[in-house]
Amino acid sequence: VPAHRAKCSKGRTASNDACCVWFDVLDDIQENLFDGGECGEEVHESLRLTFHDAIGFSPALTRQGKFGGGGADGSIMLFSDIETNFAANNGVDDIVEQQKPIAIKHQVSFGDFIQFAGAVGSSNCAGGPRIQFLAGRSNVTKPSPDHLVPEPFDSVTSILARMGDAGFKPDEVVALLASHSVAAQDTIDPSIAGHPFDSTPSDFDSQFFVETLLKGTLIPGDSLHKGQVKSPLPGEFRLQSDELLARDSRTSCEWQSFISNPNSMVPKFEKAMAKMATLGQNPKKLIDCSEVIPVPRGRVKQPILPAGKTIKDIEASCRKSPFPRLPTDKGTFTSILPVPSS
Ligand code: HEM
Ligand SMILES: [Ca+2]
Ligand SMILES: [Mn+2]
């Protein structure tokens, strides 16, 4: 006897009635937020937002008798007037204001909406993950305390301590940073808004891990800003935190592993994202609506040295294993266009 399937819009079915609304949200955001299913600026911002909501979660503060934040609870949207003013949340106000009316229209919670939009958005990226989506977070919560979101000028020790407080091992921090493969900066140097962190900001590939290990040689904008270090390619932006995490003995081998073994990156990212999306939540009380998340399409290239670079430009940093042999991209130089803001 086939199990009962809830009947949703457009002939789609779901394992649980509560999942049907998410098909309608899917249609709405693909069309009206993600420009018809692209992996562009709004996807990148939506993925960043999943982190900035969820990481407002500190068992260390709770142990001190303080409110430690509700984790992936939508507080960054419910209390956007407070949280978007935190320094580390600079720039997230844009995507919060775009997402909020859509969440209200479909009467879903902000915590659910933020994680859903991040999961759908990243499925639009070639080679992207299919992130688990659990629904049912409550909208009853409080604003996150300030200073829980890592900053690009923080030390590795401080970033690993903050992430460790939230429950992430150093390897999981590295896996989460695969997100910086589909990412650009707007606020560190506003004169070059849209400058990406790797040469392929619409591809969820390993290039970010390769290119952060290239020797930094140039300043892409008007000067070096706080949290920025020299980048290896014109048009590319490098965060100080990414440079340090790529080279630190606590993280460099996992970093290099995503170059040596690129197929391990997406599964590890999916796992870490599933954990991040339920910080502060009891997953057993949520309903699994992962079936609504599209299956990502498109393939990505294997990691490659950008044209004009050689293995001598790589600052290999894992002492346990040699840097892998990579082909070099054809051509004489690599030029990178900014991510258009729509
Ligand atoms: C661990 C320490 C991290 C630091 C210090 C950090 C820092 C930053 C900074 C400074 C930006 C540029 C923001 C702007 O100026 O527009 C950025 C962008 C971004 N971050 Fe992170 N990040 C971290 C971890 C993460 C994690 C865990 C995720 C997601 C799972 C994430 C996803 C993104 C994305 C997708 C963008 C691009 C946003 C866009 O293109 O508009 N980051 N990050
Ligand atoms: Ca990329
Ligand atoms: Mn942006």
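Look above for the structure.
The rules behind each value
- Residues numbered from 1 in each chain as written.
- Chains lettered and ligands numbered in written order.
- Predicted model: local features only at pLDDT ≥ 70, side-chain atom pairs only at ≥ 80, totals over all residues.
- Heavy atoms only, no water.
- Donors = N, O, S within 2.8 Å, 3.2 Å for Na, K, Ca; no water.
- Helix = DSSP H or I, 4+ residues; strand = E, 2+ residues; numbered from the N terminus.
- Buried < 20%, exposed > 50% of the residue type's maximum accessible area, 1.4 Å probe, protein only.
- Near = heavy atom within 4 Å.
- Polar contact = N/O pair within 3.5 Å; in protein donor to acceptor, adjacent residues only side chain to side chain.
- Nonpolar A, V, L, I, M, F, W, Y, C, P; charged D, E, K, R; others polar.
- Domains from an automatic or database assignment.

Caption draft 1: Examining the coordination of the manganese ion (ligand 3) more closely. Within the first shell, the manganese ion (ligand 3) binds the protein through Glu41 (OE), Glu45 (OE) and Asp186 (OD), at distances of 2.0 to 2.5 Å. For the manganese ion (ligand 3), all donor residues lie on one chain, and their spacing in sequence is E-x3-E-x140-D. Note that glutamate 45 is positioned in helix H2 (residues 41-54) and aspartate 186 in the loop between strand E4 (184-185) and strand E5 (195-196), a separation of 141 residues in sequence. In this structure aspartate 186 comes out as partly exposed when scored by relative accessible area, which is 25%.

Caption draft 2: Spotlight on the coordination of the iron atom of ligand 1. In this structure the iron atom of ligand 1 is ligated by exactly one protein donor, His180 (NE2), at 2.2 Å. For histidine 180, the position within the fold is in the loop between helix H9 (170-176) and E4.

Caption draft 3: Fine view of the site of ligand 1. Glu45, His180, Ala184, Asp186 and Thr187 are the nearest of the 25 residues found near ligand 1. With respect to ligand 1, the side chain of histidine 180 contributes an N or O atom lying 2.9 Å from a nitrogen atom. Contributing elements (two or more residues each) for the shell around ligand 1: H2 and E4. Of all the elements, H2 adds the most residues to the shell around ligand 1, at six residues. For the shell around ligand 1, the residue count by class is 14 nonpolar, six polar and five charged. Taken domain by domain, the shell around ligand 1 gets at least three of its residues from each of domain 1 (15-149 + 272-292) and domain 2 (156-263 + 301-313).

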